[in-house]
Amino acid sequence: MVTKNLVFSFYVFDGFEDNEAIKLHLKCLKKYSNIFDNAKFVISIKDTSNIGMIKKAESMITECGFKNLEFKVKQNDCYCEARTLKDEILDKIDTFEGLTFFAHTKGVTNVTNKEIKKESVLKWVAGMYYMNLNFIEEVESCLIYHFDCSMFGSYKVVSDKIENKNRRWYAGTFYWINTNRLSNNMKNRGIEMPKLHDSGYAEFITGELDELGTHCDVYLYPFEYDSAGGLINFLLMNDQYEIEKYKEYEKALGI
């Protein structure tokens, strides 16, 4: 039995409980909470003395049904997800057993942006959960049994960034990590992470290891939507059964 940990950066703000992205995150977290043996939620909030708002967030998260649930509060800034990833995983990487999944409250600002299609934001959030948490056998195969990767996850195709010649940008920041393997690979190669850069950590690791002659330490795969809003991913391989299952998933979430 492989121990599975969750570290989650949860953004809290005025009216957060009514935010459609927050509601969707909580639905997805509840759906997949049984996967995890341990869960740490870092509540990111502007005013850390606002006990009422913090307790409200803790109560909503607790209702998702996580085992061995832990909370931590940090003052929010524009690097809140990056700080959580670095402070709670990368700086403590030798303390984790098994596999660790990192995620955050993606889409909470974009879902209220009138210049961005709300449905697109919600589909992205739902897709990140599905693609990362609905294929646990693939995760274990990649990170433990058959491959030598340190990180596994999916990212949304962002055409103006993903093919940028200067960097590959893995949009989404939902990762599974074999922390023991990543720690050893970093130590053996003298790699130090940049302080702040959450979406770019996978890109950074890939680039550093590739330059040093090691490949495939990071296994990330893209997903995108066709013009009709249907999910496209190599994992599904145009399998109509899998496609219908995903449609039912979105329907159950109310998207």
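Here, every reference points to the structure presented above.
Quick look at the structure, then. The residue numbers shown here count from 1 along each chain, following its written sequence. Reporting of local features is limited, given that this is a predicted model, to residues whose pLDDT is at least 70; pairs of side-chain atoms are given and counted only at 80 or more, and all residues count toward the totals for whole chains, interfaces and linings. With hydrogens and water stripped out, all remaining heavy atoms of the structure feed into the side-chain values.

**A closer look at the packing of helix 1 (residues 20–32) against helix 4 (residues 118–133)**
Angle between the axes and distance between the axes: these two values describe a pair of packed helices. We apply this condition: Fitted lines through C-alpha atoms give the axes, limited to the stretch in contact for helices. The angle between two N-to-C directions lies from 0 to 180 degrees. The numbering of helices and of strands both runs from the N terminus, where a helix is a DSSP run of H or I of at least 4 residues and a strand a run of E of at least 2. For classification, angles of less than 35 degrees are called roughly parallel, those exceeding 145 degrees roughly antiparallel, those between 65 and 115 degrees roughly perpendicular, and all remaining angles oblique. Two helices crossing with the near one rotated counterclockwise from the far one by less than a right angle form a left-handed crossing, whereas a clockwise rotation gives a right-handed crossing. Whether two residues are in contact is decided by their heavy atoms, any of which lying within 4.5 Å being enough. Side-chain classes follow a simple rule in which Ala, Val, Leu, Ile, Met, Phe, Trp, Tyr, Cys and Pro form the nonpolar group, Asp, Glu, Lys and Arg form the charged group, and the remainder, Gly included, forms the polar group.
For the pair helix 1 and helix 4, the least separation of the axes is 10 Å and the interaxial angle reads 20 degrees. Between helix 1 and helix 4, the crossing angle belongs to the class labelled roughly parallel. You can see that helix 1 and helix 4 cross each other, and the crossing is right-handed. Across from Glu20, Ala21, Leu24, His25, Cys28, Leu29 and Tyr32 in helix 1, the residues of helix 4 making contact are Lys118, Leu122, Val125, Ala126, Tyr129, Tyr130 and Leu133. Broken down by class, the residue content of the contact of helix 1 with helix 4 amounts to 11 nonpolar, 1 polar and 2 charged.

**Overview of the state of the cysteines**
Formally: Criterion for a disulfide: a pair of cysteine sulfur atoms within 2.5 Å. Each residue is assigned to one of three classes by its accessible area relative to the maximum for its type, calculated with a 1.4 Å probe on protein chains only: buried under 20%, partly exposed between the two thresholds, exposed over 50%.
Within the structure shown, the criterion is met by 0 disulfides. Looking at Cys28, it has no disulfide partner, and the nearest cysteine sulfur is the one in Cys64, 9.8 Å off. Accessibility expressed as a relative area gives 0% for Cys28, which makes it buried.

**Considering the packing of aromatic side chains**
Stated precisely, the cut-off is as follows: Centres within 6.5 Å are what make two rings of Phe, Tyr or Trp a pair, Trp counting through its six-membered ring; a difference in plane orientation under 30 degrees is then read as stacked, over 60 as edge-to-face, and the rest as tilted.
For the structure on display, the rule yields 18 aromatic pairs. Measuring from centroid to centroid gives 6.2 Å for Phe8 and Phe10, while their planes differ by 45 degrees, and the two rings are tilted. The exposure class assigned to Phe8 is buried, which follows from its relative accessible area of 0%. Geometrically, the ring pair formed by Phe41 and Phe71 is tilted, given 6.5 Å between the ring centres and 50 degrees between the ring planes.

**A short note on the nonpolar core**
One broad rule of soluble globular proteins: the nonpolar side chains tend to lie buried together. Note the threshold: Think of a nonpolar core as a cluster: buried Ala, Val, Leu, Ile, Met, Phe, Trp, Tyr and Cys residues, connected wherever their side-chain atoms sit within 4.5 Å.
Grouped together as the largest cluster of nonpolar side chains are 54 residues, with contacts concentrated most on Leu6, Phe10, Phe16, Phe41, Tyr129, Trp176 and Tyr249. Breaking this core down by element, the ones donating at least two residues are strand 1 (4–12), helix 1, strand 2 (38–45), helix 2 (51–62), strand 4 (99–104), helix 4, helix 5 (136–145) and helix 9 (240–253). Here this core gets 10 residues from one element, more than from any other, and that element is helix 4. For Phe10, the residues in contact, after removing those within four places along its chain, are Phe16, Ile22, Leu26, Phe41, Val42, Ile43, Ser44, Ala57, Ile61 and Thr105. Core analysis: the second largest hydrophobic core is formed by 13 residues, Val7, Leu85, Phe96 and Leu182 among them.

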